[in-house]
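# Architecture at a glance
Chain residues, written in single-letter form:
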Amino acid sequence: MRVLLVEDDEHVADALCAALRQQGHDIVSAPTAAKALASLDGCELVLLDLGLPDLDGIEVCKRMRARTSVPIIVLTARTDEIDKVLGLHAGADDYVVKPYSVHELRARMEAVTRRSCRCGVGPGGHDPSCGATAQEIVTAGPLSLDLRSRDVTLDGLPVQLTRKEFELLAMLMEQPDTVHTREAIIARVWDENWFGSTRTLDVHIGALRQKLGSYEWIETTRGVGFRLGTPPAA
Ligand code: CA
């Protein structure tokens, strides 16, 4: 797959490039934000270092997300940047904290591309081999979610969600009566091998509630998990 690698550290970039090429990927290397934004078209996955010389990586992430739904994995040396990326709706799909292993990065890349294919609207459009069905719309009152096109509407108006927020909402809406455990949500929305902080889940729940305009769309079952709620009619 065609991967855009945004990394200003030449040594890191060279090593990563070599490893990814060995895995059969086609790499477009960008040492600056300007080059990265100019090279985005046609790329199927973005690996984005946050510490860039010309523009903050979080801003780069937002600008990319405004243009495309391509999966973005953030590469960061600082754990305190993660909440910024996730909490400010910058739109990254996942992240790895340096130092990371090539094996870990590969697992994350596979996970984000698998997820983007699940709904048929991944990089490169619909992949007929992924088995997504044609008609998959789930609704809850005024809220409607199309698993295939990934469109979410509330009272007929579009709601812009990040990929993870979408997955999270889809899981809750598909089984509205079920309390989904934190573990089950993390396994589906992130990855079975997730080992990061479960705070990430709370950040996403908070962002989703905010975008849906009511805290009550998602009920918290203390100590267990979450399920779809019903806000009072406006
Ligand atoms: Ca850097």
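Okay, so let's go over this structure.

What counts, and where the lines are drawn
Residues numbered from 1 in each chain as written. Predicted model: local features only at pLDDT ≥ 70, side-chain atom pairs only at ≥ 80, totals over all residues. Heavy atoms only, no water. Helix = DSSP H or I, 4+ residues; strand = E, 2+ residues; numbered from the N terminus. Buried < 20%, exposed > 50% of the residue type's maximum accessible area, 1.4 Å probe, protein only. Contact = heavy atoms within 4.5 Å. Areas by Shrake-Rupley, 256 points an atom, 1.4 Å probe, with all protein chains shown as cover. Donors = N, O, S within 2.8 Å, 3.2 Å for Na, K, Ca; no water. Salt bridge = Lys/Arg side-chain N within 4 Å of Asp/Glu carboxyl O. Axes fitted to C-alpha atoms, helices over the stretch in contact; angles between N-to-C directions. Parallel < 35°, antiparallel > 145°, perpendicular 65-115°, else oblique. Left-handed = near helix turned anticlockwise from the far one by under 90°. Nonpolar A, V, L, I, M, F, W, Y, C, P; charged D, E, K, R; others polar. Expected span 1.5 Å × (residues − 1). Polar contact = N/O pair within 3.5 Å; in protein donor to acceptor, adjacent residues only side chain to side chain.

### Quick look at the overall build of the chain
From N to C terminus, the chain includes eight helices and 12 strands. When each of the 234 residues of the chain is scored for burial, the buried share is 47%. Sequence separation of at least 24 residues holds for 56% of the intrachain contacts in the chain that already meet a minimum separation of 6. Entry remark: accessible area of the chain is about 11,200 Å², with carbon and sulfur atoms responsible for 52%.

### Quick look at the coordination of the calcium ion
Protein coordination of the calcium ion is provided by Asp-8 (OD), Asp-49 (OD) and Gly-51 (O), with donor distances spanning 2.2 to 2.4 Å. Counting along the primary sequence, the residues that act as donors to the calcium ion give the motif D-x40-D-x1-G. Here Gly-51 lies in the loop between strand S3 (45-49) and helix H3 (57-67) and Asp-8 lies in the loop between strand S1 (2-6) and helix H1 (10-22), a separation of 43 residues in the sequence. Under the relative-accessibility criterion, Asp-8 is labelled partly exposed at 34%.

### A closer look at the pattern of salt bridges
Per the counting criterion, the structure on display carries 16 salt bridges. For Lys-98, the salt bridge is made with Asp-49, and the minimal N-O distance between the two is 3.1 Å. Of the two residues, Lys-98 is situated in the loop between strand S5 (94-97) and helix H5 (102-118) and Asp-49 in strand S3; the sequence distance between them amounts to 49 residues. What makes Asp-49 buried here is its relative accessible area of 6%.

### Here we look at the packing of helix H6 (residues 163-174) against helix H7 (residues 182-190)
Angle between the axes and distance between the axes: these two values describe a pair of packed helices. At a minimum axis separation of 9 Å, H6 and H7 run at an interaxial angle of 130 degrees. When the axis of H6 is compared with that of H7, the two are oblique. In this structure, H6 crosses over H7, and the sense of that crossing is right-handed. Contacts between H6 and H7 involve Lys-164, Glu-167, Leu-168, Ala-170, Met-171 and Glu-174 on the former and, on the latter, Ala-184, Ile-185, Arg-188, Val-189 and Trp-190. Split into classes, the residues belonging to the contact of H6 with H7 amount to seven nonpolar, no polar and four charged.

### Some details on H1
With 13 residues, H1 should reach 18 Å at 1.5 Å per residue; the first-to-last C-alpha distance of 18 Å fits that figure. Listing the buried residues of H1 in full gives Ala-13, Leu-16, Cys-17, Ala-19 and Leu-20. Where H1 begins, the side chain of Asp-9 points an oxygen toward the backbone nitrogen of His-11, at a separation of 3.0 Å. Immediately beyond the C-terminal end of H1, within one or two residues, lies Gly-24, with a positive phi of roughly 95 degrees.

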